[in-house]
Amino acid sequence: MRVYLLLMLVAAAVTFLTTPFARWVALRTSAISAVRARDVHLVPTPRLGGLAMLIGIVVAVLLASQMPFLSGVFDARQVSQVWGIVGGAAIVCALGWADDKWDLDWVTKLAGQVLAAGFMALQGVQLITLPIAGTTIPSSRMSLAATVLVVVVAMNAVNFVDGLDGLAAGIIAIGGTAFFLYTYRLTAEATPDDFASLASLMLAVLVGACVGFLPHNFFPSRIFMGDAGSMLIGLVMAGAAITVTGNVQPEVMTGAQALPAFIPLLLPVAVLMLPLLDMGLAVIRRLAAGKSPMAPDRMHLHHRMLALGHSHRRAVVILYVWTAVFAFSAAALVLWDWEIVLVWTGVFVVLALLATLGPLRHRGRFLDDDVALSGQVPKVPAGVGAGTPVTAQSAPQGGVRPGATTIKETIE
């Protein structure tokens, strides 16, 4: 456990320290998020935080490759899987940077996602079995297709939910922690003499990268992770899940004893419950309206939280609570009877509902945006978009740094 915690700390520290560099790169390459009608941020913001997260993950994995404790993860059988996940993360990070800079069309973006998922699958990170009575996927082509589908869905789910400062990073950090605890226990029970696990390694460095990025990204954010970050953490989470889900062959059990056999399949879904729910509702909503599934709107879960009356910060923290309820409830099934887990899950669901729909959304200054802002973040009219100069005439008084004439100069 100490080795994984060390790697988590390294990933967090490297990500935290390199985020200012990523912000500088975003400014120099014009990877900046302008203020659009569907956005909730107030000023144009750099959006290349995924670069810092990638650096943090790569440095932590390189350190792990030199540790005798994890030698089994980097043996000839698994080393290609490690670098398959890291390589896929690098591909989607580059794709996300291109999208953040040039706003790629959805077909090009999807093709890049399939390329990254396919690269990872060809390196051995594939769904081979399902943890349901040891079901084996019948052919290599079906295995490849299933893997690509799962990875692409995970990337887009995280991308869909990345709409408030700190939301995606916090959700993955919380869900990833629950998943890490599960994989660590699974490894400890399967091989008591060897705690090395590819899934535990990737989840530890992923959680570390998210935690290291959050201080820069929590409201009011100085940098967004952008598509480079949301797709990266979605891919790494999916890769870690596949290395567990696709290789566990539980014994055929009956009755209530069969429930643990579903945990490898249930837990990744629980971790990504909010992103998957948000993406599913968005697709249904847009298709029902006769629009493209990729058409933007202001009906995501985080938009609905704001519409209920929550501040930006409260909405994010409440969505963190919902993620923790789903993820840790699923992970708890490996420790306690399902009846006990069900009772406590019900209790925490009620508490989460009270936080979501209760008087907190209209009363008090708990996690209030006004307290966080303290007059530090200038407001820019919603009409200001990409390519539109921000000048002293187009922004409220105090909204532009003296002498600034462009978006980039305003936010530097």
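Note that the structure is a prediction, hence the values are computed from the model and not measured.

J.: Describe in detail the packing of aromatic side chains, supporting the description with residues and values.
T.: Two aromatic rings, taken as a pair, are described by how far apart their centres are and by the angle between their planes. Following the criterion strictly, the structure yields eleven aromatic pairs and no others. Considering the side-chain rings of Tyr4 and Tyr184, the 6.0 Å spacing of their centres and the 90° angle between planes classify their relative orientation as edge-to-face. Remark: Tyr184 occurs in helix α6 (residues 167–190) and Tyr4 occurs in helix α1 (residues 2–28); sequence separation between them is 180 residues. Overall, the relative accessible area of 17% leaves Tyr184 in the buried class. Here Phe74 and Trp83 contribute two aromatic rings whose centre-to-centre distance is 6.4 Å and whose plane-to-plane angle is 55°, an arrangement assigned as tilted. In this structure Phe74 comes out as buried when scored by relative accessible area, which is 16%. Put simply, the rings of Tyr4, Phe69, Phe180, Tyr184 and Phe195 touch in pairs and so form one group of aromatic residues.

J.: Explain the side chain of Asn156 to me, using residue names and the numbers behind them.
T.: Turning to its location among the elements, Asn156 is positioned in helix α5 (residues 140–161). Here the side chain of Asn156 touches Val152 through a polar contact of 2.9 Å, landing on its backbone oxygen.

J.: Lay out the pattern of salt bridges in plain terms, naming residues and giving numbers.
T.: One pass over the structure, following the stated rule, counts four salt bridges. Two residues, Arg47 and Asp100, come together in a salt bridge whose shortest N-O distance is 2.9 Å. In this pair, Arg47 sits in the loop between β2 (45–46) and α2 (49–64) while Asp100 sits in helix α3 (residues 79–102), placing the two residues 53 residues apart along the sequence. For Asp227, the salt bridge identified is with Arg47, shortest N-O distance 3.7 Å. You can see Asp227 sitting in helix α8 (residues 226–245) and its partner Arg47 sitting in the loop between β2 and α2, a full 180 residues away along the chain. Accessibility expressed as a relative area gives 15% for Arg47, which makes it buried.

Reading the values: rules and limits
- Residues numbered from 1 in each chain as written.
- Predicted model: local features only at pLDDT ≥ 70, side-chain atom pairs only at ≥ 80, totals over all residues.
- Heavy atoms only, no water.
- Phe/Tyr/Trp six-rings, centres within 6.5 Å; stacked < 30°, edge-to-face > 60°.
- Helix = DSSP H or I, 4+ residues; strand = E, 2+ residues; numbered from the N terminus.
- Buried < 20%, exposed > 50% of the residue type's maximum accessible area, 1.4 Å probe, protein only.
- Polar contact = N/O pair within 3.5 Å; in protein donor to acceptor, adjacent residues only side chain to side chain.
- Salt bridge = Lys/Arg side-chain N within 4 Å of Asp/Glu carboxyl O.

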